[in-house]
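The residues making up each chain are set out below.
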Amino acid sequence: MFNGNIVGNIDVASIAFWAFVLFFIGLIYYLRREDRREGFPLEDELTGRSLNMGGPLLHASPKSFKLPFGRGTVTTPTIGKEPFNIAARKAGPGAGDPYIPTGNPLTDCIGPSAYAQRSPLPDIDAFGRNRIVPMTLEPSFSIARGDPDPRGMTVIGADGAVAGTVSEIWVDRAEHQVRYLEVVTAEGVHALAPMAMAKVRKTARQIVVDAINAADFSGCPQVETAGQISRFEEDKISGYFGGGYLYANRARQEPLI
């Protein structure tokens, strides 16, 4: 009489159990390889020495992805590493000691001013068009009725001084919102200020950007091609203004208490 065993004490239930165990182990192994595509191998913070975590069997093999709209391919893990030479010195010998800027911290890619080496191409929408453009290039966009038009308004910096005048609005075609205000300084420099860091004073016809001082607008990173902004340029501009909340003046670098 058949008792359910296939061979000896091995039955269907035990086969199913061990098949699941082997599958689960393989799944964990696969996921651990895949989640190490970026940021690995780790590096020692002080010496920069590569820390090969787990050997080559635990590192994902390169995988290529075809980008849409003829933008080529991208491969991960990336080969090599980004340069680490920054204009700063460590406050002490410890691994967790902070870096003290030795140059212009707003542009030297340090602390809150840091930026990533992103794509030199503009971000695009679902139709392959440049996602962020001046509003003059997108006639379907307009200022909502009742909202103030920032064009022509005076821009005030963190020090209360006049930084320039808004000459253009850069809009996001995908998200339908304002991303940047193009500010023309007294020196004729066109600076793109993130709208998220701007406060509109409707009655005074002023816009306050308290991230950086008025004089710092002239040193803002520029776009290489008129009418478009790349992902890399976006990161640099965001880092420049974001870093101002710490580096714009000495008082912001001191303890609150």
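Everything numeric in this text was worked out from a predicted model, so none of it was measured.

J.: It is not clear to me how helix 2 (residues 231-247) should be interpreted in this structure. Could you clarify?
T.: Working note: α-helix, 3.6 residues per turn, so residues spaced by three or four point in the same direction. An ideal rise of 1.5 Å per residue puts 24 Å on 17 residues; helix 2 measures up with 24 Å between its terminal C-alpha atoms. Listing the buried residues of helix 2 in full gives Glu233, Glu234, Ile237, Gly239, Tyr240, Phe241, Gly242, Gly243, Gly244 and Tyr247. Of the surrounding elements, those touching the buried residues of helix 2 are strand 8 (99-101), strand 9 (132-134), strand 12 (177-184), strand 13 (190-194) and strand 15 (206-209).

J.: It is not clear to me how the packing of aromatic side chains should be interpreted in this structure. Could you clarify?
T.: Aromatic rings considered in pairs are described by the distance between their centres and by the relative angle of their planes. Tallying each qualifying case throughout the model produces 5 aromatic pairs. Arranged with centres 5.1 Å apart and planes meeting at 75°, the rings of phenylalanine 17 and tryptophan 18 form a pair that is edge-to-face. Residue class for tryptophan 18 comes out exposed when judged on its relative accessible area of 53%. Aromatic pair tyrosine 115 and phenylalanine 232: ring centres 5.7 Å apart, planes at 70°, arrangement edge-to-face. Taken together, the positions of tyrosine 115 in the loop between strand 8 and strand 9 and phenylalanine 232 in helix 2 put the pair 117 residues apart, joining distant regions of the chain. Members of the aromatic cluster, joined through ring pairs, are Phe217, Tyr240 and Phe241.

J.: Help me out: how do you make sense of the side chain of aspartate 123 in this one?
T.: The topology assignment puts aspartate 123 in the loop between strand 8 and strand 9. For aspartate 123, the side chain forms a polar contact with the side chain of arginine 231, separated by 2.8 Å. Here aspartate 123 is in contact with Arg129, Asn130, Arg131, Ile229, Arg231 and Glu234, once residues within four sequence places are set aside.

J.: Looking at this structure, how should I read a nonpolar patch on the surface?
T.: On the surface, a nonpolar cluster with roughly 700 Å² of combined accessible area is contributed by Phe20, Phe23, Phe24, Leu27, Ile28, Tyr30 and Leu31. Within the fold, phenylalanine 23 resides in helix 1 (residues 12-34).

J.: How should the nonpolar core be read in this particular structure?
T.: Most often, soluble globular proteins have nonpolar side chains that are buried together. Counting 33 residues, the largest nonpolar core has Val209, Phe217 and Phe241 as the members making the most contacts within it. Of all elements in the fold, only strand 9, strand 11 (162-172), strand 12, strand 13, strand 15 and helix 2 reach the threshold of two or more residues within this core. With 5 residues, the single largest contributor to this core is strand 11. Phenylalanine 241 has contacts with Leu192, Ala193, Pro194, Met197, Val209, Ala211, Ile212, Phe217 and Cys220, leaving out every residue within four places of it along the chain.

J.: What is the right way to look at the side chain of glutamate 168 in this model?
T.: By the element assignment, glutamate 168 lies in strand 11. We note that glutamate 168 is buried and unpaired, the nearest opposite charge coming from arginine 151 at a distance of 4.2 Å. Reaching out from glutamate 168, the side chain makes a polar contact with the side chain of threonine 136 at a distance of 3.0 Å.

J.: Explain unusual backbone geometry here, please?
T.: Excluding glycine, most residues fall at negative phi; most peptide bonds, likewise, are trans. A positive phi is found at phenylalanine 69, a non-glycine position, where the angle reads about 60°. Structurally, the position occupied by phenylalanine 69 is in the loop between strand 5 (63-66) and strand 6 (73-76). For arginine 205, which is not glycine, the phi dihedral falls at a positive 55°. Relative to the helices and strands, arginine 205 resides in the loop between strand 14 (198-201) and strand 15. On the accessibility criterion, arginine 205 (40% relative accessible area) is partly exposed.

J.: Sorry, what's going on with the pattern of salt bridges here?
T.: A side chain of one charge can pair with a side chain of the opposite charge if their charged atoms are brought near each other. By the definition in use, this model includes 12 salt bridges. Here aspartate 123 makes a salt bridge to arginine 231, at a shortest N to O gap of 2.8 Å. With a gap of 108 residues between them, aspartate 123 in the loop between strand 8 and strand 9 and arginine 231 in helix 2 connect regions that are remote in the sequence. Across the salt bridge formed by glutamate 138 and arginine 173, the nearest N and O atoms sit 2.6 Å from each other. Taken together, the residues glutamate 138 in the loop between strand 9 and strand 10 (154-156) and arginine 173 in the loop between strand 11 and strand 12 connect sequence positions 35 residues apart. Both residues of the pair, glutamate 138 and arginine 173, count as buried. Salt bridges sharing partners connect three or more residues here, namely Asp123, Arg131, Asp172, Glu175, Arg179 and Arg231.

J.: I tried to follow the environment of alanine 116 on my own but got confused; where do I start?
T.: Position of alanine 116 relative to the elements: it lies in the loop between strand 8 and strand 9. It is 9.9 Å that separates the C-alpha atoms of alanine 116 and glutamate 234, two residues lying 118 residues apart in sequence. Not counting residues within four places of it along the chain, the set of residues in contact with alanine 116 comprises Phe232 and Asp235.

Cut-off values and rules
- Residues numbered from 1 in each chain as written.
- Predicted model: local features only at pLDDT ≥ 70, side-chain atom pairs only at ≥ 80, totals over all residues.
- Heavy atoms only, no water.
- Helix = DSSP H or I, 4+ residues; strand = E, 2+ residues; numbered from the N terminus.
- Expected span 1.5 Å × (residues − 1).
- Buried < 20%, exposed > 50% of the residue type's maximum accessible area, 1.4 Å probe, protein only.
- Contact = heavy atoms within 4.5 Å.
- Phe/Tyr/Trp six-rings, centres within 6.5 Å; stacked < 30°, edge-to-face > 60°.
- Polar contact = N/O pair within 3.5 Å; in protein donor to acceptor, adjacent residues only side chain to side chain.
- Patch = residues over 30% accessible without salt bridge, like charges linked within 9 Å, V, L, I, M, F, W, Y side chains within 5 Å.
- Areas by Shrake-Rupley, 256 points an atom, 1.4 Å probe, with all protein chains shown as cover.
- Salt bridge = Lys/Arg side-chain N within 4 Å of Asp/Glu carboxyl O.
- Core = buried A, V, L, I, M, F, W, Y, C linked by side-chain atoms within 4.5 Å.
- Lys, Arg positive; Asp, Glu negative; His and termini not counted.

So far we have only geometry, and geometry alone does not tell us how the molecule works.
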